[in-house]
Amino acid sequence: MKLPDLTARARRIRLVLTDCDGVLTDGGVYYSERGEEMKRFNIRDGMGVERLRNHGILTGIMTGEMSPSVRTRAAKLRIEELHLGIKDKPACLHEILARTGLTAEEVAFIGDDTNDVEILGLVGLSACPGDATSFARAVADFHCQTAGGYGCFRELAEFIIAAQRVTE
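Treat the numbers as computed from the prediction; the structure is a model and nothing was measured.

Undergrad: Describe the overall build of the protein, listing the residues and the values that go with them.
TA: When its secondary structure is counted, the protein shows seven helices and eight strands. Whereas a compact globule of 168 residues would reach a radius of gyration of roughly 15 Å, the protein reaches 15 Å, a difference of no more than 12%. In terms of principal-axis extent, the alpha carbons of the protein reach across some 50 × 30 × 30 Å. Every one of the 168 residues in the protein was classed for burial, and the buried ones make up 50%. Look at the contacts in the protein between residues 6 or more apart in sequence, and 55% of them connect residues 24 or more apart. As displayed, the protein offers around 8100 Å² of accessible surface, 52% of which is attributable to carbon and sulfur atoms. Each charge class in the protein can be summarised by its mean position, and for the 21 positive and 25 negative side chains these summaries are 6 Å apart.

Okay, structure coming up:
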């Protein structure tokens, strides 16, 4: 998609939703000898959440996982929409739209794999990390240069903020 079209789509965004593993993390999982699962998050993505909030844009995480570390990270970042254990992301999107009064065109979603493909096709602006699977890359409007877990969410956030400044 050409930059003017992406910019026009980004201007309408009021909510940015993200997958977790492979977007906010590098997709790796660490396990301790006690079986504790640990994930690594990038601080720059956290600043992206804060910058979006400061520009009046809501954020959310939608993931199939039930990881306590994701809940902890979302609480620290004061993420408005947290959806864990989601196997049907389009249905979750429709619930969010019905509850918030937003339209699909006002939502951006960033995802990296096959379980994100359907929702990527439903939102106003779809994005993927630089190292996303070919499945996600084939349907995403915006392809981040940055890999998952290394600031791709921040890259998308800055693109949306810059696009919306054009109209300020």
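Undergrad: So what about unusual backbone geometry? Which residues, and what values?
TA: For R78, which is not glycine, the phi torsion reads 55° and is therefore positive. Within the fold, R78 resides in the loop between helix 3 (68–77) and strand 5 (81–83).

Undergrad: Now, about the side chain of D112: what can you tell me, with residues and values included?
TA: Examined against the element boundaries, D112 turns out to sit in the loop between strand 6 (107–110) and helix 5 (117–120). For D112, which is buried and forms no salt bridge, the nearest opposite charge comes from K89, at a distance of 6.6 Å. Not counting residues within four places of it along the chain, the set of residues in contact with D112 comprises D19, D21, G22, V23, P129, A132, T133 and A136.

Undergrad: Can you lay out the packing of helix 2 (residues 43–54) against helix 7 (residues 152–165) for me, pointing to particular residues and giving the numbers?
TA: For any two helices packed against each other, the geometry is given by the interaxial angle and the distance between the axes. Between helix 2 and helix 7, the shortest axis-to-axis distance is 7 Å and the interhelical angle comes to 25°. When the axes of helix 2 and helix 7 are compared, the pair comes out roughly parallel. When the axes of helix 2 and helix 7 are compared, the crossing they make is left-handed. Taking contact as the criterion, the partners of R44, D45, M47, G48, V49, R51 and L52 in helix 2 are, on helix 7, C152, F153, R154, A157, E158, I160, I161 and R165.

Undergrad: Which residues make up the pattern of salt bridges, and what values go with them?
TA: Enumeration over the complete set of coordinates arrives at nine salt bridges. A salt bridge links R9 to D141; its shortest N-O distance comes to 3.1 Å. Separated by 132 residues along the polypeptide, R9 in helix 1 (residues 3–11) and D141 in the loop between helix 6 (134–139) and strand 8 (142–143) bring together distant segments of the chain. Residue classification places R9 among the partly exposed positions, given a relative accessible area of 25%. Taking relative accessible area as the criterion, D141 reaches 16% and is therefore assigned buried.

Criteria and thresholds
- Residues numbered from 1 in each chain as written.
- Predicted model: local features only at pLDDT ≥ 70, side-chain atom pairs only at ≥ 80, totals over all residues.
- Heavy atoms only, no water.
- Helix = DSSP H or I, 4+ residues; strand = E, 2+ residues; numbered from the N terminus.
- Rg over C-alpha atoms; globule rule 2.2 N^0.38 Å.
- Buried < 20%, exposed > 50% of the residue type's maximum accessible area, 1.4 Å probe, protein only.
- Contact = heavy atoms within 4.5 Å.
- Areas by Shrake-Rupley, 256 points an atom, 1.4 Å probe, with all protein chains shown as cover.
- Lys, Arg positive; Asp, Glu negative; His and termini not counted.
- Charge placed at Lys NZ, Arg CZ, Asp CG, Glu CD.
- Salt bridge = Lys/Arg side-chain N within 4 Å of Asp/Glu carboxyl O.
- Axes fitted to C-alpha atoms, helices over the stretch in contact; angles between N-to-C directions.
- Parallel < 35°, antiparallel > 145°, perpendicular 65-115°, else oblique.
- Left-handed = near helix turned anticlockwise from the far one by under 90°.

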